[in-house]
Amino acid sequence: MNKTKPFCISKSVVWKAWLLVKANQGAAGIDRQSISDFETLLKDNLYKLWNRMSSGSYFPPPVRMVNIPKPDGGERTLGIPTVADRVAQMVVKLYLEPEVEPVFHEDSYGYRPGKSAIDAVGIHDKIEQRFTQCRLTLHPQKTKIVYCKDEDRTGSHEHESFDFLGFTFRARGSRNRQGKFFVNFSPAISNRAAKALRAKIRSWRIQRHNDKSVTEISRTIKSTIRGWLNYYGRFYRSALWSAFDGLNRRLLRWVQRKYKRYHYSRRARRWLRQLARHEPELFPHWGIGMLP
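Residues numbered from 1 in each chain as written. Predicted model: local features only at pLDDT ≥ 70, side-chain atom pairs only at ≥ 80, totals over all residues. Heavy atoms only, no water.

Colleague: Please set out the overall build of the protein chain residue by residue, giving values where relevant.
Modeller: Summing up its helical and strand segments, the protein chain has 11 helices and five strands in all. For 292 residues, the compact-globule formula gives about 19 Å, and the C-alpha radius of gyration of the protein chain, at 25 Å, lies well above that figure. In terms of principal-axis extent, the alpha carbons of the protein chain reach across some 75 × 55 × 40 Å. A total of 292 residues make up the protein chain; the buried ones form 30% of that total. Long-range pairs, those at least 24 residues apart, make up 54% of the contacts in the protein chain with a sequence separation of at least 6. (Helix = DSSP H or I, 4+ residues; strand = E, 2+ residues; numbered from the N terminus. Rg over C-alpha atoms; globule rule 2.2 N^0.38 Å. Buried < 20%, exposed > 50% of the residue type's maximum accessible area, 1.4 Å probe, protein only. Contact = heavy atoms within 4.5 Å.)

Colleague: Can you explain unusual backbone geometry? Please cite residues and give values.
Modeller: Trans is the common state for peptide bonds, and a negative phi is the common state for residues other than glycine. Non-glycine residue R135 carries a positive phi angle of around 60°. Here R135 shows up in the loop between α6 (127-133) and β3 (162-164). With a relative accessible area of 81%, R135 lands in the exposed category. Positive phi is not limited to glycine here, since R205 has a value of about 50°. By the secondary structure assignment, R205 is in the loop between α7 (191-204) and α8 (214-232).

Colleague: Summarise the pattern of salt bridges; cite the residues concerned and give the values.
Modeller: Across all of its chains, the model carries five salt bridges by this definition. The residue D150 makes a salt bridge to R153 at a minimum N-O spacing of 2.8 Å. The exposure class assigned to R153 is partly exposed, which follows from its relative accessible area of 39%. (Salt bridge = Lys/Arg side-chain N within 4 Å of Asp/Glu carboxyl O.)

Colleague: Give me the lowdown on the packing of aromatic side chains, citing residues and values where you can.
Modeller: The final tally for this structure, using the stated rule, is 15 aromatic pairs. Pairing Y47 with W50 gives two aromatic rings, centres 5.6 Å apart and planes at 40°, and the pair type is tilted. Pair noted here: Y47 and W50 are both in helix α3 (residues 42-55), with a separation of three residues, about one helical turn. Judged by its relative accessible area of 47%, Y47 falls in the partly exposed class. Ring-pair connections join several aromatic residues into one group, and the members of that group are F167, Y231, Y232 and F235. Cation over ring: R172 sits above Y236, and NZ or CZ is 5.3 Å from the ring centre. (Phe/Tyr/Trp six-rings, centres within 6.5 Å; stacked < 30°, edge-to-face > 60°. Lys NZ or Arg CZ within 6 Å of the ring centre and 35° of its normal.)

Colleague: Lay out the nonpolar core in plain terms, naming residues and giving numbers.
Modeller: Within the largest apolar cluster, 40 residues are counted, with the highest numbers of intra-cluster contacts made by L247, F283 and W286. Of all the secondary structure elements, the ones that give two or more residues to this core are α5 (117-121), β4 (167-175), β5 (181-189), α7, α8, α9 (241-258) and α10 (265-278). The contacts of W286, once residues within four sequence positions are left out, are N248, L251, L272, L275, A276, E279, P280, L291 and P292. (Core = buried A, V, L, I, M, F, W, Y, C linked by side-chain atoms within 4.5 Å.)

Colleague: Tell me about a nonpolar patch on the surface, and please be specific about residues and values.
Modeller: Among the surface-exposed residues, V92, Y95, L96, V100, V103 and F104 lie close enough to one another that they form a single nonpolar patch of about 520 Å² accessible area. Within the fold, Y95 resides in helix α4 (residues 83-100). (Patch = residues over 30% accessible without salt bridge, like charges linked within 9 Å, V, L, I, M, F, W, Y side chains within 5 Å. Areas by Shrake-Rupley, 256 points an atom, 1.4 Å probe, with all protein chains shown as cover.)

Colleague: I'd love a proper account of the sheet that holds β3, names of residues and values included.
Modeller: Here three strands make up an open sheet; going across it, the order is β3-β4-β5 and the pairing antiparallel. Each end of this open sheet is capped by a strand with a single partner; those strands are β3 and β5. Averaged over neighbouring strand pairs, the angle between their axes works out to 50° when direction is ignored. Across nine bridges, the pairing between β4 and β5 is antiparallel. (Pairing = 2+ DSSP bridges. Axes fitted to C-alpha atoms, helices over the stretch in contact; angles between N-to-C directions.)

Colleague: How would you explain the pairing of β4 if you had to name every residue and give the values?
Modeller: Pairing geometry for β3 and β4, over three bridges, is antiparallel. Bridge pairing in β4 links D163 to T168. In this structure, the hairpin formed by β3 and β4 is closed by a connection of two residues, where L165 is found at a positive phi of approximately 55°. Where β4 folds back on β5, the antiparallel hairpin that results is connected by five residues, among which G179 adopts a positive phi of roughly 90°.

Colleague: Could you give an account of the environment of H157, with specific residues and numbers?
Modeller: Mapped onto the elements, H157 comes out in the loop between α6 and β3. Sequence-wise, H157 and K260 are 103 residues apart; in three dimensions their C-alpha atoms are separated by 56 Å. Separated by 3.0 Å, the side chain of H157 and the backbone nitrogen of H159 make a polar contact. (Polar contact = N/O pair within 3.5 Å; in protein donor to acceptor, adjacent residues only side chain to side chain.)

Colleague: Before we move on, could you go through a positive patch on the surface and cite the residues and values that matter?
Modeller: Residues R192, K195, R198 and R202 make up a contiguous surface patch of positive charge. Mapped onto the secondary structure, R198 falls in helix α7. (Lys, Arg positive; Asp, Glu negative; His and termini not counted. Charge placed at Lys NZ, Arg CZ, Asp CG, Glu CD.)

Colleague: Quick one: what's the story with the packing of helix α1 (residues 11-24) against α4, residue by residue and with numbers?
Modeller: Between α1 and α4, whose axes approach to 8 Å, the crossing angle comes to 120°. Taken together, the axis directions place α1 and α4 in an arrangement best described as oblique. Both α1 and α4 take part in a crossing whose hand is right-handed. Between α1 and α4, the residues in contact are V13, V14, K16, A17, W18, L20, V21 and N24 and V83, R86, V87, M90, V91, L94 and Y95, respectively. When the residues that make up the contact of α1 with α4 are grouped by side-chain class, the tally is 12 nonpolar, one polar and two charged. (Parallel < 35°, antiparallel > 145°, perpendicular 65-115°, else oblique. Left-handed = near helix turned anticlockwise from the far one by under 90°. Nonpolar A, V, L, I, M, F, W, Y, C, P; charged D, E, K, R; others polar.)

Given below as structure tokens:
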């Protein structure tokens, strides 16, 4: 508290919140004001926000609703706040997060610093028991008892796999440190997620960009490939081969269209493979051995 404002909001925290929102970019809200629009009168906009938050008179404006298509053909609604409201939310986050973070359960992952969906994939929690304690019930169509078949559990069950956050958990062949094969219940990229990756690769139409250099193509898609590897490649990386094999085939067709002397696929493949061995950093999947 201070003498002039009922809420002690630091101007430096508002400035930090703005920098974080600007770095995240994002679409305009219901007022159609973009990040760059907000920045044209940055000093006035931030002062107005600080003044209203400090005095307790700030009220968030309506949220712009946008329908996003889902892989199954349905839609989900996405709410987009205004830029000013995103800054206000970030101010609140910067003040509250240090206070509430220490009291979260260690297996809570949503919207927490340093934790992500990929961390949640690696845990096995007693979901039903915890839901019961909270007087909640599981969705009967979306929840099922799964038999986690592995080296020690060799029986059969109606359900022996499940999908979670883009991964399919099921029995898979693995190899231990001594090189011995065994059956392990583990995650790998799901068929639905792999299909989405292949569709995205097709949408790039790489083979048609014979006006571009291989460096320009790399610059366009490199970050996306690295993101896929960082997420889906955390578990059973070899399951990504089907998607990246399709990418390699499109790169091969690009070589054939780009260079007349490599019209025949064998010569084009030889040239592309040599490029992958000499410059594996061009496409991240080359760097982990998924060569053309």
